[in-house]
Amino acid sequence: MEVKGDLLPPGLNWEEIWTKIVEDLFENLRLRDEKSAVVEPELEYATQSLGVYLPEDIWVNILQRLSTIDKLRSAGKVCSVWRRLLREPVMWDVIDLRDQKCIPVRVMHALFSTAIERSQGQCTDFSYAFCGLGDIPYLVERSSTLRRLWLRGCSGGWGTPIYSGLMKVASRLCHLEELSLQDCFITPACIEALGVHCPRLMSFSLCHFDAVDFETEEEKNEDALAIAAHLPSLRQLQLIGNTLTAQGLEAILEGCPNLKSLDLRRCLGIDLAQMVHFRHPNDSMIDFLFLV
């Protein structure tokens, strides 16, 4: 949201107000974390006084700059103006619950449910680092307009088997444009369901950091072959730690002709050791002898 200077009454400077509010807010949150005290009355008075002069759009702009975790745990305790605005679904268009503060998993699950309920189905960008088996159906059934989804499984190792839950709700993800899965185990059938129900999907990321040792070539390339067959519109593809081989890579290049970005880090099944010299398609031609 763009905040224009002409929204402010004469005599008020937006930069000074914003700086003062941010300083007071973070000082208040610091004191609260240290003392678990009630709201500082000076800040409550200051925000209520400014509320008389500042348009509501400016308060919304301020609150949208806070992290999701701060909005859930602290911001509503600052003043009544903020509590009221934080009940509006527009404040929860983007929900980011990736752990940056060593918050316990139990607490993160509670924040997960609260944030989804507050969005009232209007969330379009959702990130969650503790995804369990039942979390995807709970999320998607209450958020039908998702365009971007970032999930990390909570099981570690090869990943949380989310494929059954994702297949059940794939038909509700028709607006999805970006999907990123870390430590989440899915199947070729799940990838096929995404291809059928997510026609706008342009970016797909599947990351495993502890790969399973498959025995056959078909098993090693099952993700790659499913992507090539069912996600032809992809423009960005990231496969970290995947077991695909040259066969899977060839299938992707043929099946996804619109790819602009391909990330295959830690995909050790693609053996390039035998290649002594490799030139990128966009390398300079200055040393090439043209035949006339």
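All residue numbers refer to positions counted from 1 along the written sequence of the respective chain. Side-chain atom pairs in this predicted model are given and counted only at pLDDT of 80 or more, local residue features only at pLDDT of at least 70, and totals for whole chains, interfaces and linings cover all residues. Calculation of side-chain values draws on the structure's entire complement of heavy atoms; hydrogens and water are dropped beforehand.

> What is the right way to look at the packing of aromatic side chains in this model?
Each aromatic ring pair is characterised by the separation of its centres together with the angle its planes make. Here a Phe, Tyr or Trp ring, Trp counted by its six-membered ring, pairs with any other such ring whose centre lies within 6.5 Å, and the pair is stacked when the planes are under 30 degrees apart, edge-to-face when over 60, and tilted otherwise. Overall, the coordinates contain seven aromatic pairs when judged by the stated rule. Ring pairing ties together the aromatic residues Phe112, Phe126, Tyr128, Phe130 and Tyr138, which thus form one cluster. Just above the ring of Trp92 sits the side chain of Lys71; from NZ or CZ to the centre is 4.9 Å. The side chain of Arg142 reaches across the aromatic face of Tyr138, ending 3.8 Å from its centre. Think of it as a cone above the ring: NZ of Lys or CZ of Arg counts as a charge over the ring if it is within 6 Å of the ring centre and within 35 degrees of the ring normal.

> Would you mind showing me how to read the sheet that holds strand β1 (residues 94–97) here?
Sheet strands associate in pairs through backbone hydrogen bonding, adopting either a parallel or an antiparallel arrangement. Any two strands with at least two DSSP bridges between them are considered paired. Numbering of helices and strands runs from the N terminus; a helix is a DSSP stretch of H or I covering at least four residues, while a strand is a stretch of E covering at least two. In space, the seven strands of this open sheet follow the order β1-β2-β3-β5-β7-β8-β9, with parallel pairing throughout. Only two strands of the sheet have a single neighbouring strand rather than two, namely β1 and β9 (261–263). Sheet twist, expressed as the average angle between the axes of neighbouring strands with direction ignored, equals 5°. Across three bridges, strand β8 (residues 236–240) lies against β9 in parallel orientation. The partner of Gln236 across the bridge, within β9, is Ser261. Axis definition: a line fitted to C-alpha atoms, limited for helices to the stretch in contact. Angles are taken between N-to-C directions and run from 0 to 180 degrees.

> I would appreciate a short explanation of unusual backbone geometry in the present structure.
Backbone geometry follows two general trends: most residues other than glycine have a negative phi, and most peptide bonds adopt the trans configuration. One non-glycine residue, Gln120, lies in the positive phi region at around 50°. Looking at the element boundaries, Gln120 is found in the loop between α6 (105–119) and β2 (125–131). Exposure categories follow from relative accessible area, calculated using a 1.4 Å probe and restricted to protein chains: below 20% of the type maximum is buried, above 50% is exposed, and the middle band is partly exposed. Judged by relative accessible area, Gln120 falls into the exposed class, the value being 53%. At Asp183, a residue that is not glycine, the phi angle is positive and equals roughly 50°. Locating Asp183 in the fold gives a position in the loop between β5 (178–182) and β6 (184–185).

> Whenever I open this one, the pattern of salt bridges confuses me. Can you help?
Two side chains that carry opposite charge are able to pair once their charged atoms sit near each other. The term salt bridge refers to a side-chain nitrogen of Lys or Arg lying within 4 Å of a carboxyl oxygen of Asp or Glu. Counting across every chain of the model gives six salt bridges. Residue Asp96 is joined to Arg98 by a salt bridge in which the shortest nitrogen-to-oxygen separation is 2.8 Å. Accessibility expressed as a relative area gives 25% for Asp96, which makes it partly exposed. Judged by its relative accessible area of 27%, Arg98 is partly exposed. In this structure, Arg265 engages Asp263 in a salt bridge whose closest nitrogen and oxygen atoms are separated by 2.5 Å. Judged by its relative accessible area of 52%, Arg265 falls in the exposed class.

> Is there a simple way to think about the nonpolar core in this case?
Across soluble globular proteins, you tend to see nonpolar side chains buried next to one another. Counting 69 residues, the largest nonpolar core has Trp82, Leu97, Phe126, Leu181, Ile186, Phe204 and Ile227 as its most contacted members. Sort the elements by how many residues they give to this core and α6 lands first, with six residues. Among buried residues, the Ala, Val, Leu, Ile, Met, Phe, Trp, Tyr and Cys ones that are joined through side-chain atoms within 4.5 Å form a nonpolar core.

> Would you explain the confidence of the model for the protein chain in this entry?
Keep in mind that low pLDDT regions are not for reading the predicted coordinates in detail. Each residue carries a pLDDT score, the predictor's own confidence in it, on a scale running from 0 to 100. Predicted confidence across the protein chain gives a mean pLDDT of 81, with 72% of residues reaching 70 or more. Residue contacts are defined here by distance: any two heavy atoms, one from each residue, within 4.5 Å place the two residues in contact. Low pLDDT (under 50) marks residues 1–6, which in the prediction has seven contacts with non-local residues, meaning those over four places away or in another chain. Below a pLDDT of 50 lies the segment residues 36–43, which in the model reaches 13 contacts outside its immediate sequence neighbourhood of four places, other chains included.

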